[in-house]
Amino acid sequence: MNDNIIDLYLLDLLPEEEKASFETQLQNDEALRSEVIIQREALRDIEGIGRIELKSKLQSIHQEIKQDSTPASSSNTSIRSLFVKIAAAAIFVAVMGTIWLMNQTPSTEDLFAQNFEPYELSLTDRSSSDNTLTTIEEVYASGNYNEAILLLEKAIQQDNRLELMLGLGISYVKTDQSAKAITIFKQILKEDNFNYEDEAHWYLGLTYLKSNELKNARNHFNILATDSNRDHHKEAKKLLAQLK
Amino acid sequence: MKDWSDDEIIFCLKGESEKRDLALKQMYTQLFPIIKSFIQKNNGSEDDAADIFQDAIIVFYEKIRLKEFKLSSSIRTYLYSVCKHLWLNKLRAQKKVTSLTVENESIIVDPMSLKVLGSEDRNEYLRQLMSSIGGDCKKVLIYYYYDRLKMKEIALRMNFATEQVAKNKKSSCLKKLKLMVAKSPRLKELLK
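Conventions and cut-offs
Residues numbered from 1 in each chain as written. Chains lettered and ligands numbered in written order. Predicted model: local features only at pLDDT ≥ 70, side-chain atom pairs only at ≥ 80, totals over all residues. Helix = DSSP H or I, 4+ residues; strand = E, 2+ residues; numbered from the N terminus. Buried ≥ 20, exposed ≤ 12 C-beta atoms within 10 Å, placed from the backbone. Contact = placed C-beta atoms within 7 Å. Core = buried A, V, L, I, M, F, W, Y, C linked by C-beta atoms within 7 Å. Axes fitted to C-alpha atoms, helices over the stretch in contact; angles between N-to-C directions. Parallel < 35°, antiparallel > 145°, perpendicular 65-115°, else oblique. Left-handed = near helix turned anticlockwise from the far one by under 90°. Nonpolar A, V, L, I, M, F, W, Y, C, P; charged D, E, K, R; others polar. pLDDT = per-residue confidence, 0-100.

Here we look at the overall build of chain A
- Secondary structure assignment for chain A yields 12 helices and zero strands.
- Secondary structure elements of chain A occur, N-terminal to C-terminal, as α-α-α-α-α-α-α-α-α-α-α-α.
- When each of the 244 residues of chain A is scored for burial, the buried share is 28%.
- Sequence-distant contacts in chain A: of pairs separated by 6 or more residues, those separated by 24 or more amount to 42%.

Digging into the overall build of chain B
- Along its length, chain B carries nine helices and zero strands.
- Along chain B, from the amino end to the carboxyl end, the secondary structure elements read α-α-α-α-α-α-α-α-α.
- Counting all 192 residues of chain B, 34% fall into the buried class.
- Long-range pairs, those at least 24 residues apart, make up 56% of the contacts in chain B between residues at least 6 apart in sequence.

Overview of the nonpolar core
- Counting 40 residues, the largest nonpolar core has Ile136(A), Ala148(A), Leu152(A) and Phe185(A) as its most contacted members.
- For this core, the elements supplying multiple residues, two or more each, are α6 (131–141), α7 (145–158), α8 (162–174), α9 (178–190), α10 (194–210), α11 (214–225) and α12 (233–243) of chain A.
- Of the residues forming this core, the biggest block, eight residues, is contributed by α10(A).
- Setting aside its immediate chain neighbours within four residues, Phe185(A) contacts Gly169(A), Ala200(A), Tyr203(A), Leu204(A) and Thr207(A).
- Residues Ala23(B), Met27(B), Ile58(B) and Ile75(B) belong to the second largest nonpolar core, which totals 35 residues.

Let's talk about the packing of helix α5 (residues 120–133) of chain B against helix α8 (residues 163–182) of chain B
Residue and element names in this part refer to chain B.
- At a minimum axis distance of 11 Å, the contact between α5 and α8 shows a crossing angle of 135°. Taken together, the axes of α5 and α8 lie oblique to each other. In this structure, α5 meets α8 at a crossing whose hand is right-handed. Here Leu129, Ser132 and Ile133 of α5 lie close against α8, whose contacting residues are Cys173, Lys176, Leu177 and Met180.

Quick look at unusual backbone geometry
- A positive phi angle is found at His232(A), which is not glycine, with a value near 65°.
- The residue His232(A) is located in the loop between α11 and α12 in this model.
- Judged by the 21 C-beta atoms lying within 10 Å of it, His232(A) is buried.
- Even without glycine at this site, Asn159(B) takes up a positive phi of about 65°.
- The topology assignment puts Asn159(B) in the loop between α7 (151–157) and α8.

A closer look at the interface of chain A and chain B
- Facing the 33 residues of chain A at the interface are 40 residues of chain B.
- Sorting elements by how many residues they give to the side of chain A that touches chain B places helix α3 (residues 30–69) of chain A first, with 24 residues.
- Grouping the constituent residues of the side of chain A that touches chain B by class yields 13 nonpolar, 10 polar and 10 charged.

Here we look at the confidence of the model for chain B
- With 86% of its residues at a pLDDT of 70 or more, chain B has an overall mean of 84.
- Scored by ipTM, the complex comes to 0.88, with pTM at 0.56.

As for the environment of Ile156(A)
- You can see Ile156(A) is positioned in helix α7.
- Note: C-alpha distance between Ile156(A) and Leu168(A) (12 residues apart in sequence) is 9.1 Å.

Things to note about the packing of α6(A) against α7(A)
All names here are of chain A.
- Between α6 and α7, the least distance of the axes is 9 Å, while the angle of their chain directions is 150°. When the interaxial angle is binned, α6 and α7 end up roughly antiparallel. Judged by the twist between their axes, the crossing of α6 over α7 is left-handed. Across the interface between the two elements, Thr132, Thr135, Ile136, Val139 and Tyr140 of α6 pack against Glu147, Ala148, Leu151, Leu152 and Ala155 of α7.
- The residue inventory of the contact of α6 with α7, partitioned by class, reads seven nonpolar, two polar and one charged.

So, the environment of Ala49(B)
All names here are of chain B.
- For Ala49, the location among the structural elements is in helix α3 (residues 46–64).
- Exposure remark for Ala49: the 23 C-beta atoms within 10 Å place this residue in the buried category.
- Sequence separation of Ala49 and Cys83 is 34 residues, and the distance between their C-alpha atoms is 8.7 Å.
- If we ignore the near neighbours within four places in the chain, the residues touching Ala49 are Ile35, Lys36, Ile39, Gln40 and Gly44.

Set out below in structure tokens:
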């Protein structure tokens, strides 16, 4: 018997009809019944193992946070205290820097302008014979965003590649259609594709910045700023500091 | 660090592992103090608070994996309610319960979701099982069944060339596990 259908049954993912027919089958087929019992037990065990692992992960987070909040004790080595001094100096510099930046008070428009660089589309590496995509690339790169929008909207109907959507979002920003841009960047985020996720957060943040919705802007920059593995991590961090 | 919004936390809990860990940490920093103060007001220690809070996060994590789950309150209110129930159960078990001093915000939690970790015997059995199925199998099975990740995501994390490799690996690991499970005394009991 197929493990997969048992999986779907046990995870309660079978459509009603199939579920009913599977249950009838179960009534009549003893071998299938024991198969299901074994698999249910296996899934329970995996669930149990998952919990144990998650619990131990949480326990280590607890320890980590506890240590962070306990002041360094005197028994620590001098290297540690040296670190603290260096850190203090770094914080001092950072604070002074922030104060300096605050005195500069760049407006949100300035910040937007300083940070917004249109994403470079490279659509044709896979199918270089594709004329439509070449045209889109050229029009977009030339900065003719109104025309790019027309082409991109059409192209997306046939091929909803995230890169096309990103290009469309940016073209909307460039033609002052922030609301449309926001919708499309959010759509990209919904796709959960981590190749474009960071870009989407970055441009979404910038679009919010442009429309002066600072709280929303910060939310997206924060996601990038708190994870050093993400694209635009440094820029987001810097921007957040400037926004404070 | 600025507090994350509920949406951000949920988004990251469903995402890749690094982001998940970050979101867990965020939840911890943002919400543990509230739970700690609640437990301490109700005859508990900081360790009790940590234990209860961690179990509540597990409940929450398992809930949000489900497609049909909609969070009807804030994460804060949700966790607070789960902690309240878990702590009440524990106090009842120790026959220490009177009534709880609670903040006036809680929602009704499905009591089925509140049994978090099993007995020590069961956990010991699971630990043994865990070490005998092998590291990769354990990872794949947990990613698929516990974290409910898509095959594509699993392939990526495990460095498999294609989604199909992940599917095959999951199937063969499940077969292996089922063979072991079939031999367990508990199962012989169930199959009688």
